[in-house]
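# Tertiary structure, described
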Amino acid sequence: MSGEYLSVPASVGFIALWGIAVLNGVVLVTCIRKLRDDGVTLARAVVEGATQRFRPVMMTATVAMLGLIPFLFATGPGSEVQRPLAIVVIGGLITCTLLTLVVVPVLYRFFEERRVEA
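Model, not experiment: these values are computed from the prediction. (Residues numbered from 1 in each chain as written. Predicted model: local features only at pLDDT ≥ 70, side-chain atom pairs only at ≥ 80, totals over all residues. Heavy atoms only, no water.)

Moving on, we come to the overall build of the protein. Across its full length, the protein holds three helices and zero strands. A globule of 118 residues ought to have a C-alpha radius of gyration of about 13 Å, yet the protein, at 18 Å, is considerably larger. Taken over the C-alpha atoms alone, the protein extends approximately 60 × 25 × 15 Å along its principal axes. Residues classed as buried in the protein amount to 32% of the 118 residues present. At a minimum sequence separation of 6, the contacts of the protein that also span at least 24 residues come to 67%. (Helix = DSSP H or I, 4+ residues; strand = E, 2+ residues; numbered from the N terminus. Rg over C-alpha atoms; globule rule 2.2 N^0.38 Å. Buried < 20%, exposed > 50% of the residue type's maximum accessible area, 1.4 Å probe, protein only. Contact = heavy atoms within 4.5 Å.)

The structure is reproduced here in structure tokens:
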């Protein structure tokens, strides 16, 4: 989509991105489950868990993106290798952060309601 080639460093960026995305999702679901264990209703636990974990998820994504900005705008030797990695990770972090903060709580509530009814 960016016009850059998918290289080995970009593939390594996918692996790093996957790790950050999974970590953020696990932390969010763990927080929601802890609230549920404390007796909070499902709807309230999802909202409160997403609210509590918003800042840590955003901080993780922001720090990773800010750390890759020099790679994104590099023009020296080797920049053709570094730029695809930065594009993959920054674009992926934007997408997975939105998915983590919006889709994960919605899906958690959906599947939890289905489990309780069964």
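Here the focus is helix α1 (residues 8-37). With 30 residues, α1 ought to run about 44 Å at 1.5 Å a step, and its terminal C-alpha atoms sit 43 Å apart, in line with that. Restricting attention to buried positions, one finds in α1 the residues Ala10, Gly13, Leu17, Ile20, Ala21, Asn24, Gly25, Leu28, Cys31, Ile32 and Leu35. Gly39 lies just past α1 and shows a positive phi near 95°. (Expected span 1.5 Å × (residues − 1).)

It is at 8 Å that the axes of α1 and helix α2 (residues 42-72) come closest, and there the two elements cross at 155°. Looking at the two axes, α1 sits roughly antiparallel to α2. Where α1 crosses over α2, the two elements pack in a sense that is right-handed. Seen from α1, the contacting residues are Ile20, Asn24, Val27, Leu28, Cys31, Ile32, Leu35 and Arg36; seen from α2, they are Leu42, Ala45, Val46, Glu48, Gly49, Ala50, Gln52, Arg53, Val57, Thr60 and Ala64. Per-class residue counts for the contact of α1 with α2 are twelve nonpolar, four polar and three charged. (Axes fitted to C-alpha atoms, helices over the stretch in contact; angles between N-to-C directions. Parallel < 35°, antiparallel > 145°, perpendicular 65-115°, else oblique. Left-handed = near helix turned anticlockwise from the far one by under 90°. Nonpolar A, V, L, I, M, F, W, Y, C, P; charged D, E, K, R; others polar.)

Our next topic: the side chain of Glu112. By the element assignment, Glu112 lies in helix α3 (residues 79-117). Of the polar contacts made by the side chain of Glu112, one reaches the side chain of Arg115; its length is 2.6 Å. Excluding residues that lie within four positions of it along the chain, Glu112 makes contacts with Arg36 and Leu42. (Polar contact = N/O pair within 3.5 Å; in protein donor to acceptor, adjacent residues only side chain to side chain.)

Another point: the nonpolar core. Membership of the largest hydrophobic core comes to 13 residues, with the highest contact counts inside it found for Met65, Leu68, Leu93 and Cys96. Contributing elements (two or more residues each) for this core: α1, α2 and α3. Per-element accounting of this core gives the leading share, six residues, to α3. Contacts of Leu68, omitting those with residues within four sequence positions, involve Leu85, Ala86, Val89 and Ile90. (Core = buried A, V, L, I, M, F, W, Y, C linked by side-chain atoms within 4.5 Å.)

The next thing to look at is the confidence of the model for the protein. Averaged over the protein, the pLDDT score is 88; the fraction of residues at 70 or greater is 93%. Element-level pLDDT for the protein is lowest in α3, with a mean of 88, against a maximum mean of 92 in α2. (pLDDT = per-residue confidence, 0-100.)

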